[in-house]
Amino acid sequence: LGVNQQPMNAFLTLLGIETLGLRMDRHCENALKVAEHLSGHPGVEWVEYAGLPTSPYRELARKYLPRGAGGVFTFGVKGGYEAGVAMVESVELFSHLANIGDSRSLIIHPASTTHRQVDPKLLSGIGAGPDVVRLSVGLEHIDDIIADLDQALEKAAKVAKG
């Protein structure tokens, strides 16, 4: 009645499940630290992450996600569209991919990629405004993740200033 896994795929799934809890703990821990860092960064307008004290979803996250609010969140880079593109093009550790949940840190600028065909007037209303950058924070060392974002934000700020 449905699709079944091949033996090797089933083995790999079982193998990955063994460490899923440990990996998710690291994703959540890293994402919270990155969100906190970006919240105070001069190149960032706003951060939307349910684990932050400023989030309207914080209490719901604490109730339903007691081990952490996940590894994916968005933020607004100062300078809009061009700065968002420059930031994504400037990262060195992050991979520029649209999927989420990888063990590696991923970054995307939806307005110039996944949502580029949407009417620009509608982008902000669907959470993909010109300044929006989406992160899926991976398992790398937190100092490396933050250093990469800082250097990319610095380059984005130069583009924003013209």
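In short, a report on the structure. (Residues numbered from 1 in each chain as written. Predicted model: local features only at pLDDT ≥ 70, side-chain atom pairs only at ≥ 80, totals over all residues. Heavy atoms only, no water.)

Examined against the element boundaries, Ser 55 turns out to sit in the loop between strand 1 (44–48) and helix 3 (58–64). Only 3.0 Å separates the side chain of Ser 55 from the backbone nitrogen of Tyr 57, close enough to count as a polar contact. Sequence-distant contacts of Ser 55, that is, excluding residues within four places in its chain, are made with Tyr 49 and Ala 50. (Helix = DSSP H or I, 4+ residues; strand = E, 2+ residues; numbered from the N terminus. Polar contact = N/O pair within 3.5 Å; in protein donor to acceptor, adjacent residues only side chain to side chain. Contact = heavy atoms within 4.5 Å.)

A few words on the pairing of strand 5 (residues 132–136). The buried fraction of strand 5 is high, at four of five residues. Direction of pairing for strand 2 (residues 72–77) relative to strand 5: antiparallel, over a ladder of five bridges. Residue pairing in the sheet places Thr 74 in a bridge with Arg 134 of strand 5. With three bridges connecting them, strand 4 (residues 106–108) and strand 5 associate as antiparallel partners. Bridging across to strand 5, Leu 106 finds its partner in Ser 136. (Buried < 20%, exposed > 50% of the residue type's maximum accessible area, 1.4 Å probe, protein only. Pairing = 2+ DSSP bridges.)

Judged by pairing direction, the sheet is mixed, and its five strands sit side by side in the order 1-2-5-4-3 without closing on themselves. Each edge of the open sheet carries a strand with a single partner, namely strand 1 and strand 3 (95–96). Across the sheet, helix 4 (residues 80–90) is in contact with strand 2, strand 3, strand 4 and strand 5; its angle to strand 2 comes to roughly 130 degrees. (Axes fitted to C-alpha atoms, helices over the stretch in contact; angles between N-to-C directions.)

So, on to the pattern of salt bridges. Oppositely charged side chains may form a pair once their charged atoms are brought near each other. Evaluated as defined, the whole model comprises four salt bridges. Across the pair Arg 62 and Glu 59 runs a salt bridge, and its minimum N-O distance is 3.6 Å. Note that Arg 62 and Glu 59 are positioned in helix 3 at a spacing of three residues, about one turn of the helix. Here Arg 62 and Glu 59 have matching classes, each one exposed. (Salt bridge = Lys/Arg side-chain N within 4 Å of Asp/Glu carboxyl O.)

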